[in-house]
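Each chain, letter by letter, is given below.
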Amino acid sequence: MTTTTGTTAVTRAVGAAHTRLEGRDKVTGAARYAGEIPFAELAHGWLVLSTIARGRVRSVESAPVLAMPGVLTVLHHGNAPRVDGSYTGMLGRPDPIVEVFQHDRVPFVGWPVALVVAETSEQAREAAEALVVQYDEEPHDIAFFAGRPGTYTPENSPAAQAETAKGDLEAELAASAVVVDAAYTTPEEHHSSLEPHAATARWDSGRLDVVDSNQGSMWVADEIAKLFSLDPASVRVRSEHVGGAFGSKGLRPHQILAVMATTVLHRPVRVVLTRRQMFSLVGYRSPTAQRVRLGADTDGRLRAFDHQAQSLTSTVHEFIERSADMGRVMYDADAHHTVNRVVPLDVPTPTWMRAPGEAPGSFALESALDELAEKIGMDPIALRARNEPDAGPVSGLPFSSRNVLACFQEGARRFGWADRDPRPGTRREGRWLLGTGTAAATYSSGVVPSTAAVTAEADGTFTVRITAADVGTGARTALALIAADALEVEPGRIRIQIADSDFGPAMIAGGSMGTRSWGWAIMAAARELREQLVLGGDIPPQGITARSDTGAAISALAKKERHSFGAQFAEVAVDVTSGEVRVRRMLGIFAAGRIINPLTARSQFIGGMTWGLSMALHEEAIRDQASGGHVGADFAGYHFAANADVPLIEADWVDDPDADDPVGIKGIGEIGIVGAAAAIANAVWHATGVRHRDLPIRPDRVLLAGTRPAGERDA
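Residues numbered from 1 in each chain as written. Predicted model: local features only at pLDDT ≥ 70, side-chain atom pairs only at ≥ 80, totals over all residues. Heavy atoms only, no water.

1. Here's the deal with the overall build of the protein chain
Link 1 in the chain: From N to C terminus, the protein chain includes 17 helices and 28 strands.
Link 2 in the chain: At 26 Å, the protein chain has a C-alpha radius of gyration in line with the 27 Å of a compact globule built from 715 residues.
Link 3 in the chain: Over its C-alpha atoms, taken along the principal directions, the protein chain stretches across nearly 75 × 75 × 50 Å.
Link 4 in the chain: Split into buried and exposed, the 715 residues of the protein chain put 60% on the buried side.
Link 5 in the chain: Here the contacts in the protein chain between residues at least 6 apart in sequence split such that 82% fall between residues at least 24 apart.
Link 6 in the chain: Of the accessible surface of the protein chain, which amounts to about 26,900 Å², a share of 51% is contributed by carbon and sulfur atoms.
Link 7 in the chain: The distance from the centre of the 69 positive side-chain charges to the centre of the 87 negative ones in the protein chain is 2 Å. (Helix = DSSP H or I, 4+ residues; strand = E, 2+ residues; numbered from the N terminus. Rg over C-alpha atoms; globule rule 2.2 N^0.38 Å. Buried < 20%, exposed > 50% of the residue type's maximum accessible area, 1.4 Å probe, protein only. Contact = heavy atoms within 4.5 Å. Areas by Shrake-Rupley, 256 points an atom, 1.4 Å probe, with all protein chains shown as cover. Lys, Arg positive; Asp, Glu negative; His and termini not counted. Charge placed at Lys NZ, Arg CZ, Asp CG, Glu CD.)

2. Comments concerning the packing of helix α12 (residues 475-487) against helix α13 (residues 514-534)
Link 1 in the chain: Direction vectors running N to C along α12 and α13 enclose 30°, while the axes themselves pass 9 Å from each other. It follows that α12 is roughly parallel to α13 by the angle criterion. Of the two possible hands of crossing, α12 and α13 adopt the one that is right-handed. Here α12 contributes Ala475, Ala478, Leu479, Ile482, Ala483, Ala486 and Leu487 to the contact with α13, which in turn contributes Thr515, Trp518, Gly519, Ile522, Met523, Ala526, Leu529 and Arg530.
Link 2 in the chain: For the contact of α12 with α13, the per-class residue count stands at 12 nonpolar, two polar and one charged. (Axes fitted to C-alpha atoms, helices over the stretch in contact; angles between N-to-C directions. Parallel < 35°, antiparallel > 145°, perpendicular 65-115°, else oblique. Left-handed = near helix turned anticlockwise from the far one by under 90°. Nonpolar A, V, L, I, M, F, W, Y, C, P; charged D, E, K, R; others polar.)

3. Topic: the sheet that holds strand β4 (residues 55-61)
Link 1 in the chain: Ordered by their spatial adjacency, three strands build an open sheet running β6-β4-β8, and the pairing between neighbours is antiparallel. Of all strands in the sheet, those with a lone pairing partner are β6 (105-106) and β8 (132-137), marking the two edges.
Link 2 in the chain: Across two bridges, the pairing between β4 and β6 is antiparallel. Residue pairing in the sheet places glycine 55 in a bridge with valine 106 of β6. (Pairing = 2+ DSSP bridges.)

4. Comments concerning the environment of aspartate 656
Link 1 in the chain: Secondary-structure assignment places aspartate 656 in the loop between β28 (648-653) and α16 (676-688).
Link 2 in the chain: Measuring from C-alpha to C-alpha, the distance between aspartate 656 and serine 401 comes to 7.0 Å, with 255 residues separating the pair along the chain.
Link 3 in the chain: A distance of 2.9 Å separates the side chain of aspartate 656 from the side chain of serine 401, its partner in a polar contact.
Link 4 in the chain: A polar side-chain atom of aspartate 656 sits 2.9 Å from a polar atom in the side chain of asparagine 403. (Polar contact = N/O pair within 3.5 Å; in protein donor to acceptor, adjacent residues only side chain to side chain.)

5. Focus on helix α11 (residues 404-415)
Link 1 in the chain: Taking 1.5 Å as the rise per residue, α11 with 12 residues should run 16 Å; its terminal C-alpha atoms sit 16 Å apart, in good agreement.
Link 2 in the chain: Looking at the buried positions of α11, the neighbouring elements they touch are α8 (327-330), α10 (380-386), β19 (432-444), β24 (563-575) and β25 (581-591).
Link 3 in the chain: Looking one or two residues beyond α11, the residue adopting positive phi is glycine 416, at roughly 80°. (Expected span 1.5 Å × (residues − 1).)

6. Digging into the packing of aromatic side chains
Note on aromatic pairs: each is described by the distance of the centres and the angle between the planes.
Link 1 in the chain: Using the criterion set out here, one finds 12 aromatic pairs in the structure.
Link 2 in the chain: Ring geometry for phenylalanine 408 and phenylalanine 569: centres 6.2 Å apart, planes at 75°, overall edge-to-face. Taken together, the positions of phenylalanine 408 in helix α11 and phenylalanine 569 in strand β24 put the pair 161 residues apart, joining distant regions of the chain.
Link 3 in the chain: Residue phenylalanine 408 is classed as buried on the basis of its relative accessible area of 2%.
Link 4 in the chain: Judged by its relative accessible area of 0%, phenylalanine 569 falls in the buried class.
Link 5 in the chain: A ring pair is formed by phenylalanine 590 and phenylalanine 605, whose centres lie 4.4 Å apart and whose planes are at 10°; its orientation type is stacked. In this pair, phenylalanine 590 is assigned in strand β25 and phenylalanine 605 in helix α15 (residues 598-617), connecting sequence segments 15 residues apart.
Link 6 in the chain: Residue phenylalanine 605 is classed as buried on the basis of its relative accessible area of 0%.
Link 7 in the chain: Residue placement shows arginine 585 over the ring face of phenylalanine 415; its charged tip is 3.8 Å from the ring centre.
Link 8 in the chain: Looking at arginine 691, its charged tip hangs above the ring of tryptophan 685, at a distance of 4.3 Å from the centre. (Phe/Tyr/Trp six-rings, centres within 6.5 Å; stacked < 30°, edge-to-face > 60°. Lys NZ or Arg CZ within 6 Å of the ring centre and 35° of its normal.)

7. Structural notes on a nonpolar patch on the surface
Link 1 in the chain: A surface patch of nonpolar side chains, amounting to about 270 Å² of accessible area, comprises Met90, Leu91 and Trp352.
Link 2 in the chain: Relative to the helices and strands, tryptophan 352 resides in the loop between β17 (335-345) and α9 (358-376). (Patch = residues over 30% accessible without salt bridge, like charges linked within 9 Å, V, L, I, M, F, W, Y side chains within 5 Å. Salt bridge = Lys/Arg side-chain N within 4 Å of Asp/Glu carboxyl O.)

8. Brief notes about the sheet that holds β17
Link 1 in the chain: The mixed open sheet is built from five strands, whose spatial order is β9-β17-β16-β15-β10. What marks the edges here is a single partner per strand, and that holds for β9 (163-166) and β10 (178-186). Within the sheet, the average angular offset between the axes of one strand and its neighbour, ignoring direction, is 15°.
Link 2 in the chain: As judged from the four bridges shared by β9 and β17, these two strands associate in the antiparallel manner. If you follow lysine 166 over to β17, its bridge partner there is histidine 336.

9. Some words on the packing of α15 against α16
Link 1 in the chain: With their axes 7 Å apart at the nearest point, α15 and α16 run at an angle of 50° to one another. Considered as vectors, α15 and α16 are oriented oblique to each other. In terms of crossing hand, the pair formed by α15 and α16 is right-handed. Between α15, through Met609, Gly612, Leu613, Met615, Ala616 and Leu617, and α16, the contact on the second element is made entirely by Ala676, Ala677 and Ile680.
Link 2 in the chain: Across the contact of α15 with α16, the residue classes break down as eight nonpolar, one polar and no charged.

10. Quick notes on the nonpolar core
Link 1 in the chain: Ranked by size, the top nonpolar core spans 82 residues in total, and within it Leu294, Leu372, Phe569, Val572, Met586 and Ile680 carry the most contacts.
Link 2 in the chain: Those residues within four positions of isoleucine 680 in sequence are excluded, and the remaining contacts are Ala570, Val572, Val583, Met586, Gly612, Leu613, Ala616 and Leu617.
Link 3 in the chain: Trp111, Tyr135, Val269 and Val282 belong to the second-largest nonpolar core, a separate cluster that totals 59 residues. (Core = buried A, V, L, I, M, F, W, Y, C linked by side-chain atoms within 4.5 Å.)

11. Considering the environment of glycine 392
Link 1 in the chain: Examined against the element boundaries, glycine 392 turns out to sit in the loop between α10 and α11.
Link 2 in the chain: When the C-alpha positions of glycine 392 and histidine 337 are compared, they lie 14 Å apart, and in sequence the two are 55 residues distant.

Everything listed is a geometric property; what it means functionally is a separate question.
Pasting the structure below:
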């Protein structure tokens, strides 16, 4: 599609495939990440973490370490600068772990107890490993299991409503012709991104300058200012390139420690976390114990829907893995109940991890739907179609768009679902049993007020400045395409500057809301700039700049249920002799609004689906009950899908317009993982005739469960 500006025809940029603007720099090594940027007189900090799970620091024996070569200082609770974490930030009260070195308490293994700063990273590490810390140890409790004592339903949670209910659940279950009542578990999982967390802090002409790897520079700058009681204008945070985040790169102890150290030493200080340290300092996905009860008539109509989810949190900060939320959007029933419960233990605080809530919740819910379809003798897709709601099952609000059935129809056609024999255990290739499965996907499509500035330069180019973050998603490129179309110019005339807190408030890269929020702000600024340019006249050397703030426009949006949707399909082969499960192919079809860049969008979907495969078959962090710490907190001990584990994965989308939405972007960062593990688990049942309700589906679990003869149903 083309438009004309004056006499020049301009091809629409949005919707056409474009390679990443920074792609060449990244593959050639020219792109510099937070831990690589040089500074004069740079010092290096190395963290020392607690080796006990609960107790107090009795002493930090720093004198011998201070005498070691190159060591500049040892910071700990006895000498560190004071901070104040009593504020409420963008995402509520901060995790007390960022109030680092403020007291002698140790609430879990891996709690920061000291920072050694030296001239070189090697000197800092050697000294940190030599530092002796004495503790007064106390008994700890890290045992997580369904219904354990101390579990509670949060009240007035800032994250979301913990419990919803309508109708008489027990009466509708009793009146149902078919009932599924099953328990599911998912393990602790970690989003240990390829680029470790790194921050460099320095004071520059009275301003605190932090070069960081994060999901929102303005967010981090605002939190640092509050913690250290600084004027917000005196703090600048930059994060140009980020090598993965997935929810973990917000405000973390290493940034605070870099600021403390530079304040003490009056020189730049860099703190980079090790892989092992990331397992305790940057959050993770809580394990879950879930119970799903479904009651239905013989035609598949749901009468009763009950999803109860339990997760853990630390004793110092409440975080809820909202696994029961998915059903509030997907399925209605005469009686509908969902609840998220939590139990505090002596463990680090969990955090957002790609599709928080929906990823583990979809495994339980979409597995239970498959079990219900089996009991009724109904096709799983037909069962979902039978229970399509007209409005939000809990909210009652209309959907902005809901094309989940279109996803299933297109996916079934491309996957060859019509040729599927519904009986389990009927397909075999030698020692391999073959099966196929499907599951639904959804993720919310939110938007947050943001600001942007667009400048028409004297040389005919346009500069966009916005505090966006490109965490590897291709956001920088997508925003350039949005700006090009909004200004009706070729993408080559757009220069994008992002990830600098000096550019003003903007949404973080999270919740699948980044591109939608930033794109709206850029479109609004571009529209204002075009109106200024219509007035004519030469562009001065400093250019002409228009700024936007989308707060009022977003507040005026009609109240609706706004979500992306999708359908996941998987085919697996199960080795009956070894218990090995191999995914042979996957297909995901999504309804995700306006697709900005098909090239990077498809990459996002496939990346999420790959993670779902890893979740289904591999990922599982194990804690030692005696020590409270991880067993194998590294990439050797924490297994995830490697190239050899990943089959042909296809991802595509259906049209998903929303006439009432001025932007049309829904966000795609999370939905690819939602439902993927359930589709694989359902395929394993179809192959073997045995349900696996605990992730990951390891070979030992497959062997212990065995297989059932074709045609035999689960009890």
